[in-house]
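Below, each chain spelled out in residue letters.
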Amino acid sequence: MLLTCIILHRCKNLYLIAVIIGVVMFFPEEVIEEIQQRADIVEVISHYLPLKKTGNLFKALCPFHQEKTPSFMVNPQKQIFHCFGCGVGGNVFTFLMKQENISFPEAVEILAKQTGVDISHLVTGNINKGSSEITPKLYELNELATAYYQNFLNREEGKGAREYLKKRKISSELISKFRIGYAPFRNRLLTYLQKRGYKQELLIKAGLIIKREDGRELDRFINKLIFPLFNPQGRIVGFGSRRLDNQVPKYVNSPQTVLFNKSRYLYGLNFARHFIKKDVIVVEGYLDLLALVQFGIYNAVACLGTALTRQQIRVLQRYAERCIIIYDGDRAGQEASVRELELFIEEDVPVGVVELPRGLDPDECIRKEGKERFIQRIEKADDFFDYKLNFLSQRYDLEKAEDLAKVSKEMISSLYKIGDAVLRDAYIKRLSRKLNIREDSLYLEIEKLDALDRKRQRKKNVSFKASVPTQYREEKILLGLMLTEEEVISLVRKSLKPDEFRNLSIGKIVRFLLSKERRIPLSQLIEKLRKEEIEGLDSLISSCVNQLEESLDLNKKISIASDCIKRIKRKKREAKLLDLQKRIESAEEKEDETLSSQLLEEYQRVLNTDGTDI
Ligand SMILES: [Zn+2]
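Attention in this report is confined to the structure presented alongside it. (Residues numbered from 1 in each chain as written. Predicted model: local features only at pLDDT ≥ 70, side-chain atom pairs only at ≥ 80, totals over all residues. Heavy atoms only, no water.)

### So, the sheet that holds strand E6 (residues 80-83)
Pairing is antiparallel in the open sheet, where five strands are placed in the order E3-E4-E5-E6-E7. This sheet does not close on itself; its edge strands, each paired only once, are strand E3 (52-54) and strand E7 (89-90). Across two bridges, E6 lies against E7 in antiparallel orientation. Following the sheet pairing, His82 is matched in E7 by Gly89. Each of E6 and E7 touches helix H24 (residues 537-546); the most contacted strand, E6, lies at about 85° to it. (Pairing = 2+ DSSP bridges. Helix = DSSP H or I, 4+ residues; strand = E, 2+ residues; numbered from the N terminus. Contact = heavy atoms within 4.5 Å. Axes fitted to C-alpha atoms, helices over the stretch in contact; angles between N-to-C directions.)

Here's what the structure looks like:
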């Protein structure tokens with residue numbers, strides 16, 4: 001394998017920009033193997049999800065689809081994971097790529113760091129085609145744009161922006177720490193970057209430039225205050241902006257790009273992550289966050305104006321035990337905020353809520369009341385239970401039996417989602433006391449919901465099974481057996497050829513397995529096969545392996561394998577016969593007697609074989 005790369009130039013003393021000559025670059029196999037041997041999949045995944053041990057496996061709620069009963073399994077012996085609900089699976093690299101929405105080289109980089117494997121002498125290249133190839137370019141562009149905006153904040157043009165920051169009492173330390181800038185009036189960024197040789201297409205992909213309907217390109221941000229958006233590692237993935245006139249919309253962000261995914265993005269996390277001990281504070285806007293930081297409250301992030309998403313909650317869960325949401329006086333007490341909090345229950349993340357006085361946002365509040373008072377508010381945060389009950393009590397008249405029933409149903413609909421049985425019981429006790437309703441009546445309601453849920457689940461399972469193709473079942477089982485037992489590989493080598501597999505991807509994997517002298521550990525196999533461009537490789541392998549019962553002994557496995565081989569041959573024979581039949585019919589239609597009698601002979605021959613020598 002050739003690692004051909006040249007270091008072009010040092011850019012702003014920040015990144016070494018590497019240009020890769022040739023099509024793709026691979027990490028040397030030894031490096032990947034080394035990382036895999038050191039990284040434990042259970043440990044890596046448990047940073048993201050709470051894993052529960054069951055037998056030899058660990059299970060969790062799948063992060064890649066919505067579910068209420070865990071079907072996401074991690075196998076520590078084989079170092080793979082698989083979800084029986086959505087079919088996603090693979091090794092530790094696959095998991096990181098999917099979970100973090102990153103490319104293979106990026107996953108390698110992260111794991112290398114975590115496991116202490118030194119890859120600094122290798123320049124990150126790319127194995128995957130597509131988006132990941134432009135990733136380094138986009139980082140580079142964002143870095144250039146940030147420096148450009150920062151520069152304009154200090155020039156004559158940036159006067160209005162500077163005045164605005166002064167009015168909002170943002171210190172100059174914060175301005176430089178968060179690298180706040182100003183996007184000037186005219187289309188300058190476009191020219192600036194084009195002069196440096198960047199193609200328009202790339203600038204559009206970076207979200208810095210907009211293409212108008214008449215075909216003209218424009219800077220996305222014009223006359224705006226600019227907040228660079230950092231990822232948790234501190235690299236710039238996009239930009240937030242605020243208008244300086246009083247027009248709407250006040251805030252405009254970068255569009256979704258390869259680097260920037262708004263639904264999982266949290267502003268300030270790159271700084272906050274070093275200060276989060278137990279709680280993380282979540283506010284809405286940039287300026288709220290800056291105010292908190294300025295007052296020395298560092299464990300805070302901003303969710304950029306919209307309701308928190310499930311993905312954002314999952315990101316926060318990695319860093320904090322509990323999230324404290326601070327709502328503006330206007331946002332608190334709204335139906336939408338209760339729904340948002342409901343997500344925390346579903347994700348099993350403890351949440352606290354602080355309601356600010358009407359008309360005040362966190363920025364105004366902390367400046368008005370000071371740090372001490374603000375921290376007191378945080379310490380007295382309501383938990384979800386109190387918050388929702390308060391909200392409902394304000395809408396319903398608890399003296400009325402009907403309203404009381406509605407409120408208790410509403411509360412139960414949340415409480416029953418709590419995964420922790422002890423916690424749930426504690427809340428039921430509290431609810432019973434608060435509403436003066438007997439505990440068993442509340443449990444009865446929970447039981448009803450549980451029954452409903454089970455029914456729904458059953459329905460879902462039925463439709464799920466129906467949707468999974470039973471096609472290639474024997475090929476999948478056989479591959480699974482080959483992946484776990486050396487003996488099965490020898491058996492297949494004696495009796496089947498890779499091109500006898502009707503599923504092309506399985507055939508490719510089998511070809512690879514048969515070509516190797518020694519058995520390769522499963523999780524490494526996925527990496528070795530990545531170059532073969534097999535569709536759905538990771539999930540295919542994990543699903544094949546996971547179709548097998550752990551407890552099978554070798555003899556049983558061999559007998560299942562021989563059975564699969566027979567079925568594969570039989571199916572191949574049936575397909576062959578069907579094909580011949582069609583060709584005979586068409587020959588007869590064309591009255592081509594020579595051909596049709598030739599085909600008939602062939603048909604007879606196949607019919608008389610057991611499929612081994614077609
Ligand atoms: Zn899933």
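Still more to cover.
### So, the packing of helix H1 (residues 29-38) against helix H23 (residues 522-529)
Running from N to C, H1 and H23 cross one another at 150°; their axes reach a closest spacing of 10 Å. Considered as vectors, H1 and H23 are oriented roughly antiparallel to each other. In the packing of H1 onto H23, the handedness of the crossing is right-handed. Residues Glu29, Ile32, Glu33, Gln36 and Gln37 of H1 form the contact with H23, whose own contacting residues are Ser523, Gln524, Glu527 and Lys528. Looking at the contact of H1 with H23 residue by residue, the classes come out as one nonpolar, four polar and four charged. (Parallel < 35°, antiparallel > 145°, perpendicular 65-115°, else oblique. Left-handed = near helix turned anticlockwise from the far one by under 90°. Nonpolar A, V, L, I, M, F, W, Y, C, P; charged D, E, K, R; others polar.)

### Some thoughts on the sheet that holds strand E16 (residues 322-327)
The mixed open sheet is built from five strands, whose spatial order is E15-E14-E16-E17-E18. The sheet terminates laterally at strand E15 (300-302) and strand E18 (382-383), the two strands that pair on one side only. As paired elements, strand E17 (residues 351-355) and E18 share two bridges and run antiparallel to each other. Pairing of Val353 across the sheet is with Asp382, part of E18. Its contacts with the sheet put helix H13 (residues 335-346) on E16 and E17, and the angle it makes with E16 is roughly 175°.

### What to know about the coordination of the zinc ion
As a benchmark, a tetrahedral metal site with four donors has ideal angles of 109.5 degrees, while an octahedral site with six donors has ideal angles of 90 or 180 degrees. Around the zinc ion, the protein contributes the donor atoms Cys62 (SG), His65 (ND1), Cys83 (SG) and Cys86 (SG), which lie 2.1 to 2.3 Å from the metal centre. Of note is the zinc ion, whose four donor atoms meet at the metal with angles of 101 to 122° in an arrangement that counts as tetrahedral. We note that the donor set of the zinc ion lies within a single chain, spaced as C-x2-H-x17-C-x2-C. (Donors = N, O, S within 2.8 Å, 3.2 Å for Na, K, Ca; no water. Tetrahedral: all angles 85-135°; square planar, octahedral: opposite > 155°, others 65-115°.)

### Description of the pairing of E16
A large share of E16 lies buried, amounting to five of its six residues. Across four bridges, strand E14 (residues 279-283) lies against E16 in parallel orientation. Paired with Val282 across the two strands is Ile325, which belongs to E16. The pairing of E16 with E17 spans five bridges and is classified as parallel. From the neighbouring strand, Cys323 faces E17, where its bridge partner is Val351. (Buried < 20%, exposed > 50% of the residue type's maximum accessible area, 1.4 Å probe, protein only.)

### As for the side chain of Asn299
Residue placement: Asn299 occurs in the loop between helix H11 (286-294) and E15. Of note is the side chain of Asn299, whose polar atom sits 3.0 Å from the backbone oxygen of Asp279. Setting aside residues no more than four positions away along its own chain, Asn299 makes contact with Ala272, Phe275, Ile276, Asp279, Val280 and Ile281. (Polar contact = N/O pair within 3.5 Å; in protein donor to acceptor, adjacent residues only side chain to side chain.)

### Comments concerning the side chain of Arg573
Within the secondary structure, Arg573 sits in helix H25 (residues 554-589). Buried charge Arg573 goes without a salt bridge, the closest partner of opposite sign being Glu574 at 6.2 Å. Reaching out from Arg573, the side chain makes a polar contact with the backbone oxygen of Val606 at a distance of 3.3 Å. (Lys, Arg positive; Asp, Glu negative; His and termini not counted. Salt bridge = Lys/Arg side-chain N within 4 Å of Asp/Glu carboxyl O.)

### Considering empty space enclosed by the protein
Scanning the model with the defined rule gives five cavities of 30 Å³ or more in all. The space that makes up the second largest cavity amounts to roughly 50 Å³. Taken together, Glu486, Ile489, Arg493, Leu513, Lys516, Arg518, Arg519 and Ile520 make up the full set of residues lining the second largest cavity. For the lining of the second largest cavity, the element with the highest residue contribution is helix H21 (residues 486-495), accounting for three residues. Residue classes in the lining of the second largest cavity are distributed as three nonpolar, no polar and five charged. (1 Å grid on protein atoms, 1.4 Å probe; cavity = no way out; pocket = protein on both sides within 12 Å on 5 of 7 lines; lining within 4 Å. Points joined across faces, edges and corners; volume = space filled by probe spheres on them.)

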